[in-house]
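# Fold and contact review
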Amino acid sequence: MPETPQLTPEVTWAQRSSSSDPERNYLYVNIKTPDVAKSAADLKITANNVSFTGESKKGVKYHVSLDLYAEIDPENSKVNHTDREVELVLRKKELKEEYWPRLVKDTQKLHFLKTDFDKWVDEDEQDEAGDDDYANNFGGFEGLDQGGLGNIDFSKLGADLGGGAEGAEGAEVVEGEESDEEMPELEGDSKAEGEAKSSKIQEVS
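Reference entry: report on the structure contained in this document. (Residues numbered from 1 in each chain as written. Predicted model: local features only at pLDDT ≥ 70, side-chain atom pairs only at ≥ 80, totals over all residues. Heavy atoms only, no water.)

### Some details on the pairing of strand β3 (residues 26-32)
- The buried fraction of β3 is high, at six of seven residues.
- In terms of strand pairing, β3 meets strand β8 (residues 85-92) through seven bridges, oriented antiparallel. Its bridge partner lying in β8, Asn30 is registered against Glu87. (Buried < 20%, exposed > 50% of the residue type's maximum accessible area, 1.4 Å probe, protein only. Helix = DSSP H or I, 4+ residues; strand = E, 2+ residues; numbered from the N terminus. Pairing = 2+ DSSP bridges.)

Okay, here's the thing in structure tokens:
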């Protein structure tokens, strides 16, 4: 029998970055492997590499190995295997505000590797993406409520941050009002002092 032909699946990716929050410092990678059952797939994730091998129900064998640009944290990464693709949320190991310049170490353009424009947000605009952005990305993953990326209520976090900001502004306004009330008294005192000084000068003269 002829050997099953091996194809490299299409891989799409996007990313987010954070220098302080591990939950928002990740890679979103999709390996397009239609009709490959989870039981027929071999997925390996290490700190520096992601590899996938699997055979579809139609006899197509897929294989891809990605040597990553930098290290990830496999223990805090997530997988969702469907009949159409394998979705990965890979947490970057280093907390850093800057984006990775590319997904893999290889500087050559890989024909099968593409940017996932549906999920991509520019580095300087990721804060504007809002909390829904994260919820939509992780919503379909199994085991998210087991901890890791799923145990943060981003909408609630955003509300807390917003409330804090409003509170700070409110405090500034109150302080400003108090200062405004005091100012006329100070001006009045100065004026009274000025009049007293001028009357003394007249008496002397």
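On we go.
### Here's the deal with a negative patch on the surface
- On the surface, a cluster of negative charge is made up of Glu94, Glu97, Glu98, Asp122, Glu123, Asp124, Glu125 and Asp127.
- Secondary-structure assignment places Asp122 in the loop between β9 (113-115) and α1 (131-138). (Patch = residues over 30% accessible without salt bridge, like charges linked within 9 Å, V, L, I, M, F, W, Y side chains within 5 Å. Areas by Shrake-Rupley, 256 points an atom, 1.4 Å probe, with all protein chains shown as cover. Salt bridge = Lys/Arg side-chain N within 4 Å of Asp/Glu carboxyl O. Lys, Arg positive; Asp, Glu negative; His and termini not counted. Charge placed at Lys NZ, Arg CZ, Asp CG, Glu CD.)

### So, the packing of aromatic side chains
- This model, assessed by the stated rule, comprises three aromatic pairs.
- With a centroid separation of 5.4 Å and 80 degrees between ring planes, the pair formed by Trp13 and Trp120 is classed as edge-to-face. Residue Trp13 is located in strand β2 (residues 11-16), and its partner Trp120 is located in the loop between β9 and α1; the two are separated by 107 residues in the primary sequence.
- Residues Tyr69 and Trp100 carry aromatic rings whose centres are separated by 5.9 Å and whose planes lie at 55 degrees to one another, so their mutual orientation is tilted. One end of the pair, Tyr69, is in the loop between β6 (61-67) and β7 (72-81); the other, Trp100, is in the loop between β8 and β9, with 31 residues separating them in the sequence.
- Overall, the relative accessible area of 10% leaves Trp100 in the buried class.
- By way of ring pairs, the aromatic residues Trp13, Tyr99 and Trp120 are connected into one cluster. (Phe/Tyr/Trp six-rings, centres within 6.5 Å; stacked < 30°, edge-to-face > 60°.)

The values reported here are purely geometric and, on their own, carry no functional implication.
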